Amino acid sequence: MHARIRAGDPEAFRELFRDHAQLVYRHAVRTTGDWDAAEDIVSLTFLEAWRLRGKLRDEGDSPRPWLMGIAVNVLRNTGRAARRHERALARLPLRDVLPDFADELVGRITDSEELAAAKTALGQLRRGEREVFALCVWSGLGYAEAAEALGVPVGTVRSRLSRARTRLRKLTDGELRRLRRKREPVGTGGQVQGGRVDAVRSNEERSR
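Rules used in this analysis
The residue numbering used here restarts from 1 in each chain and proceeds along that chain's sequence as written. Given that this is a predicted model, residues contribute local features only at a pLDDT of at least 70 and side-chain atom pairs are listed and counted only at 80 or more, while totals for whole chains, interfaces and linings are drawn from all residues. Only hydrogens and water are removed before side-chain values are computed, so all heavy atoms of the structure are retained for them. Here a helix means four or more residues in a row that DSSP labels H or I, a strand means two or more in a row labelled E, and each is numbered from the N terminus. Partly exposed describes any residue whose relative accessible area lies between the buried limit of under 20% and the exposed limit of over 50%, with all areas from a 1.4 Å probe on protein chains only and scaled to the type maximum. Method for areas: the Shrake-Rupley scheme with a 1.4 Å probe, in which residue coverage is limited to the protein chains shown. Only the stretch in contact is used when a helix axis is fitted, and all axes are lines through C-alpha atoms; the angle between N-to-C directions ranges over 0 to 180 degrees. If an angle is under 35 degrees, it is roughly parallel; if it is over 145, roughly antiparallel; if it lies from 65 to 115, roughly perpendicular; otherwise it is oblique. Crossings are assigned a handedness: left-handed for a near helix turned anticlockwise from the far helix by less than a right angle, right-handed for a clockwise turn. What makes two residues a contact is simply this: any of their non-hydrogen atoms within 4.5 Å. Put simply, a salt bridge is a Lys or Arg side-chain nitrogen that is within 4 Å of an Asp or Glu carboxyl oxygen. Here a cavity is any set of points on a 1 Å grid over the protein atoms alone where a 1.4 Å probe fits but cannot get out, and a pocket is any open set with protein on both sides within 12 Å along at least 5 of 7 lines; a residue lines the site when it has an atom within 4 Å of a point. Grid points are joined across faces, edges and corners, and a volume is the space filled by probe spheres set on the points. Nonpolar residues are Ala, Val, Leu, Ile, Met, Phe, Trp, Tyr, Cys and Pro. Charged residues are Asp, Glu, Lys and Arg, and all others, Gly as well, are polar. One less than the residue count of a helix, multiplied by 1.5 Å, gives the span that helix is expected to have. Each nonpolar core is a collection of buried residues, namely Ala, Val, Leu, Ile, Met, Phe, Trp, Tyr and Cys, held together in the definition by side-chain atoms within 4.5 Å.

Trainee: I keep staring at the overall build of the protein and nothing clicks. Help me out?
Mentor: From N to C terminus, the protein includes twelve helices and zero strands. Written out in order from the N terminus, the α and β elements of the protein read α-α-α-α-α-α-α-α-α-α-α-α. Going through the 208 residues of the protein one by one, you find that 41% of them count as buried. Carbon together with sulfur atoms contributes 49% to the accessible area of the protein, which is approximately 12,200 Å² in total.

Trainee: I keep staring at the packing of helix α4 (residues 64–77) against helix α10 (residues 143–150) and nothing clicks. Help me out?
Mentor: Helices that pack against each other are described as a pair by the angle of their axes relative to one another and the distance between those axes. One way to put it is that α4 packs onto α10 with a least axis distance of 7 Å and a crossing angle of 50 degrees. One finds that α4 runs oblique with respect to α10. α10 is crossed by α4, and the crossing has right-handed handedness. Together, R64, P65, W66, M68, G69, V72 and R76 of α4 and E145, E148, A149 and L150 of α10 make up the contact between the two elements.

Trainee: Would you mind showing me how to read the pattern of salt bridges here?
Mentor: Pairing is possible between side chains that carry opposite charge, provided their charged atoms lie close to one another. Within the structure shown, the criterion is met by eleven salt bridges. Where E15 meets R4, a salt bridge forms, and the shortest distance between an N and an O atom there is 3.7 Å. Taken together, the residues E15 in helix α2 (residues 10–32) and R4 in helix α1 (residues 2–6) connect sequence positions eleven residues apart. Owing to a relative accessible area of 25%, E15 belongs among the partly exposed residues under this scheme. Linked by salt bridges that have partners in common, R126, E129, R163 and R167 make up one network.

Trainee: Please clarify how the layout of surface pockets should be interpreted in this entry.
Mentor: One way to see where empty space is left: roll a probe the size of a water molecule over the atoms. The space that makes up the second largest pocket amounts to roughly 240 Å³. Lining the second largest pocket are 15 residues, and of these P65, W66, G69, E148 and A149 sit closest to its centre. Looking at the lining of the second largest pocket element by element, the count peaks at seven residues for α4. In the lining of the second largest pocket, the residues fall into seven nonpolar, three polar and five charged.

Trainee: Looking at this structure, how should I read helix α9 (residues 127–138)?
Mentor: The α-helix winds at 3.6 residues per turn, so residues separated by three or four positions along the chain end up facing the same way. Here α9 spans 15 Å end to end across twelve residues, near enough to the 16 Å set by a 1.5 Å rise per residue. Extensive coverage of α9 is indicated by the burial of ten of its twelve residues. Along α9, the residues classified as buried are G128, E129, E131, V132, F133, A134, L135, C136, V137 and W138. Of the residues flanking the end of α9, it is G140, one or two places downstream, whose phi is positive at about 75 degrees.

Trainee: Where do I start with the side chain of H27 in this structure?
Mentor: For H27, the position within the fold is in helix α2. For H27, a relative accessible area of 3% puts it in the buried group. Not counting residues up to four positions away in its chain, the partners in contact with H27 are M68, V72, L75, A134, L135 and S139.

Trainee: Help me understand the nonpolar core in this model?
Mentor: Soluble globular proteins tend to bury their nonpolar side chains together. Ranked by internal contacts, the top residues of the largest apolar core, which has 45 residues, are W66, F133 and L135. Contributions of two or more residues to this core are made by α2, α3 (35–51), α4, α8 (112–123), α9, α10 and α11 (154–183). In terms of residues, this core owes the most to one element, α2, which gives nine residues. Residues within four places of L135 in sequence aside, it is in contact with H27, M68, V72, G140, L141, A146, A149 and L150.

Quick look at the structure:
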């Protein structure tokens, strides 16, 4: 498979796309928070894969780490994630975007408010931590695969992921508290309590 890709075999690239396009797409959606931008990321990733096909080495059974490394670089070079981040939060369907990761904090996300808090918190992580978290937790790459994709040692992946989990938990909890305080109704004294009921009763009395 690797040799066929390096040789520019069209059928090998169709197979590559068929096997990994959804992985790249899901990774891009979760990273950018934008469906349209994610489609562009997929296109650019496979165009880059074609251009860089000669650099694919024979190590490993799958070209997945190589391809995801290209996707990470494409995401780094696009400015759409930062510009569309906030606008995309409200449009992300929870079921499609966040499957059950069974991973501490992320596994507790059960509604759109928690999703928004997690997305905001994720944006506050350092880029290296964010990339490792997205590859290992969201896209399911192992430590060695993520290390190959990012061009860093396995130990770096482990330490970044540990820091990302710790920071993300704290940041998300803080953001969630902020969102919940923001939506709490502001009390206006005794006039509000029972106001609607009193108004209804008053109208009923006038209509008798």
